[in-house]
Amino acid sequence: MKRRDVLRTGAAAAALGVTGLGFGGSAFGQQKTIFKASDVHPLGYPTVEAVVRMGTKLEQQTNGRYAIQMFPSMQLGGEKEALEQAQVGALQYARVSVGVVGPIVDDLNVFNMPFVFRDVKHMRAVIDGAVGEELMNKITNASNSRLIGLCWMDAGARSVYNKVRPIRSPDDLKGLKIRMMGNPLFVDTMNAMGGNGISMGMDQVYNAMTTGVVDGAENNPPSYDSFNHFPIAKNYSLTEHLIIPEILVFSKRTFDGLAKADQDIIKKLAKEAQLEQRKLWDEREAQSMKKIKDAGINVITLTSAEKQKFQDSVKPVWEKYGGKYADLVKRIQAVSS
Ligand code: GTR
């Protein structure tokens, strides 16, 4: 290790308040740096598992100089808090939905537009391609973000669930309070779809739903399952109105203190995690759907005419926000899948 790198690593370690493991892991007795990672989901969930596996590789490929400690299940708060902590270097890896990154780097909101992707396959082709790379770099380069964009992950398609009645049309959503992620774009989307969008962090949704502060929410099958919302809100309508990728970001403050070679390892391993998570996702989605159906949940598949009504309903959202992202949208639509 060059002297400069030792100093840098030392600075990064000091910034993290890292435990020195002495002669534990390495030939020169240098300190081991533990990166903190946060996720709202529990251990075993595809995003969590992908980051945990990445940590094992990181430890191996840095000869034990770096490791990842995962804080799952919202232990460090919701996603907004995770991003704030990453920005100040209080944690290093934040795995969040792109839904909460849009308010920080506006161009990312293009992925948060309702029905912007034709289907999940299309979304995957976009994030794997030039648009995906460009938007990832935007996060890293935006002066206000204080984050390094590392990789995308999968989160399937989001659909509406509620505890009041089955939903087949925008009219059915009238008067229902539906929780949306913290981003004004989503509140507008739910309002256009017929319901009342209420913005809140995932850390509050379970209580809000049991106490009736909201009547329901919207999410993909693994989240509906993992947050244990399905036993409360038993009507699940496959509206698939949002197909939002997940994203893994890293604290810029920590990153800037690392040796270039270590930065490169961190970036490379994240790219591998993107594809690894995808396999885990497909398996988990099938399992969760089965579990939901076996539990007797009213899973409502919409006809294409019914789905079209929801697509038509979000026209005002496109009128309000679409202009800003017109070029990106054109490029997204041109991606074949
Ligand atoms: C899930 C996603 C989380 C979080 C959550 C939410 O699908 O994996 O990152 O965004 O939705 O609705 O808050």
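Criteria and cut-off values
All residue numbers refer to positions counted from 1 along the written sequence of the respective chain. Thresholds applied to this predicted model are a pLDDT of at least 70 for local features of residues and 80 or more for the giving and counting of side-chain atom pairs; totals over whole chains, interfaces and linings are not thresholded and use all residues. To obtain the side-chain values, all non-hydrogen atoms of the structure were included, while hydrogens and water were left out. Secondary structure elements are taken from DSSP: a helix is a run of H or I of four residues or more, a strand is a run of E of two residues or more, and numbering for both begins at the N terminus. Within these notes, the globule rule equals 2.2 Å times the number of residues to the 0.38 power, and the radius of gyration is based on C-alpha atoms. When accessible area is computed with a 1.4 Å probe and restricted to protein chains, residues below 20% of their type maximum are described as buried, those above 50% as exposed, and intermediate ones as partly exposed. Think of it this way: DSSP has to see at least two bridges between two strands before they count as a pair. Note on handedness: a crossover is taken as right-handed if, strands pointing away from the viewer, the path from the first strand over the helix to the second is clockwise. Here a residue counts as near a molecule or strand whenever at least one of its heavy atoms sits within 4 Å of it. Think of a polar contact as two N or O atoms within 3.5 Å of one another; within protein, one of them needs to be a possible hydrogen donor and the other a possible acceptor, and neighboring residues in sequence only count if both atoms come from side chains. Accessible areas in this description were obtained via Shrake-Rupley with a 1.4 Å probe; residue shielding takes into account the shown protein chains only. Grid spacing is 1 Å over the protein atoms alone, the probe is 1.4 Å, and a cavity is where that probe fits but cannot get out, while a pocket is an open set with protein on both sides within 12 Å along at least five of seven lines and lining residues have an atom within 4 Å of a point. Cavities and pockets are treated as containing a molecule whenever more than half of the molecule's atoms lie within 2 Å of their grid points. Basically, the charged four are Asp, Glu, Lys and Arg, the nonpolar ten are Ala, Val, Leu, Ile, Met, Phe, Trp, Tyr, Cys and Pro, and anything else, Gly included, counts as polar. For each domain, the first and last residues come from an automatic or database assignment. Here, nonpolar core refers to any group of buried Ala, Val, Leu, Ile, Met, Phe, Trp, Tyr and Cys residues whose side-chain atoms link them within 4.5 Å. This arc describes the spread of directions from the helix axis toward the C-beta atoms. Residue contacts are defined here by distance: any two heavy atoms, one from each residue, within 4.5 Å place the two residues in contact.

J.: For the overall build of the chain, give the residues involved together with the corresponding values.
T.: The secondary structure content of the chain amounts to 13 helices and 11 strands. For 337 residues, the compact-globule estimate of 2.2 N^0.38 gives 20 Å, and the C-alpha radius of gyration of the chain, at 21 Å, lies within 12% of that figure. Its C-alpha atoms put the chain at 65 × 40 × 30 Å along the principal axes. Looking at the chain as a whole, 55% of its 337 residues are labelled buried.

J.: Can you lay out the pairing of strand S2 (residues 66–71) for me, pointing to particular residues and giving the numbers?
T.: Of all the 6 residues making up S2, 5 are buried; the element is thus mostly covered by neighbouring parts of the structure. Relative to S2, strand S1 (residues 33–38) is paired through 6 bridges, and the arrangement is parallel. Residue pairing across strands places serine 38 opposite phenylalanine 71, the latter belonging to S2. Of the crossover connections in this fold, the one passing from S1 over helix H2 (residues 46–61) to the parallel S2 is right-handed.

J.: Hey, could you go over the site of the ligand for me, with residue numbers and the actual values?
T.: Close to the ligand lie 13 residues; Glu79, Arg158, Arg179, Asn219 and Glu246 are nearest. With respect to the ligand, the side chain of glutamate 246 contributes an N or O atom lying 2.5 Å from an oxygen atom. Isolated, the ligand exposes 310 Å² of accessible area, and the fraction of that covered by the protein chains is 99%. According to the grid-proximity analysis, the pocket containing the ligand is the largest pocket. Partitioned by chemical class, the residues of the shell around the ligand number 3 nonpolar, 5 polar and 5 charged. A domain split of the shell around the ligand shows at least three residues from each of domain 1 (3–108 + 118–154 + 245–283) and domain 2 (158–243 + 286–334).

J.: Describe the nonpolar core, naming the residues involved and giving the relevant values.
T.: The biggest cluster of nonpolar side chains holds 54 residues, and the ones touching the most others in it are Phe111, Ile139, Trp152, Leu173 and Ile247. Element by element, the count of residues in this core is highest for helix H5 (residues 130–141), at 4 residues. Two domains each provide a minimum of three residues to this core, namely domain 1 (3–108 + 118–154 + 245–283) and domain 2 (158–243 + 286–334). Formed by 27 residues, the second largest nonpolar core is a distinct cluster that contains Phe35, Tyr66, Met153 and Leu280.

J.: So, helix H3 (residues 79–88): which residues are in play, and what are the values?
T.: Along H3, the residues classified as buried are Glu79, Ala82, Leu83, Ala86 and Gln87. Buried residues of H3, seen end-on, are gathered within an arc of 135° and therefore sit on one face of the element. Those residues of H3 that are buried lie in contact with S1, strand S3 (93–97), strand S4 (147–153), strand S10 (246–251) and helix H9 (252–255). Among the residues trailing H3, glycine 89 stands out with phi positive, at a value near 85°.

J.: Please set out the side chain of asparagine 183 residue by residue, giving values where relevant.
T.: Here asparagine 183 is to be found in the loop between strand S6 (177–180) and helix H6 (184–192). Judged by relative accessible area, which is 4%, asparagine 183 ranks as buried. Within the structure, asparagine 183 has its side chain in polar contact with the backbone oxygen of glycine 99 (distance 3.0 Å). Within the structure, asparagine 183 has its side chain in polar contact with the side chain of asparagine 109 (distance 3.0 Å). Every residue in contact with asparagine 183, bar those within four places of it in the chain, is listed here: Gly99, Gly102, Pro103, Asn109, Asn112 and Ser199.

J.: Account for the pairing of strand S8 (residues 216–219), with residues named and values stated.
T.: Look at any regular strand and the pattern is simple: side chains alternate between the two faces of the sheet. Side chains Gly216 and Glu218 project from S8 onto one buried face, and the interleaved Ala217 and Asn219 project onto a second face that is buried too. With 4 bridges connecting them, strand S5 (residues 158–162) and S8 associate as antiparallel partners. Residue valine 160 lies in a different strand from S8, and its bridge partner there is glutamate 218.

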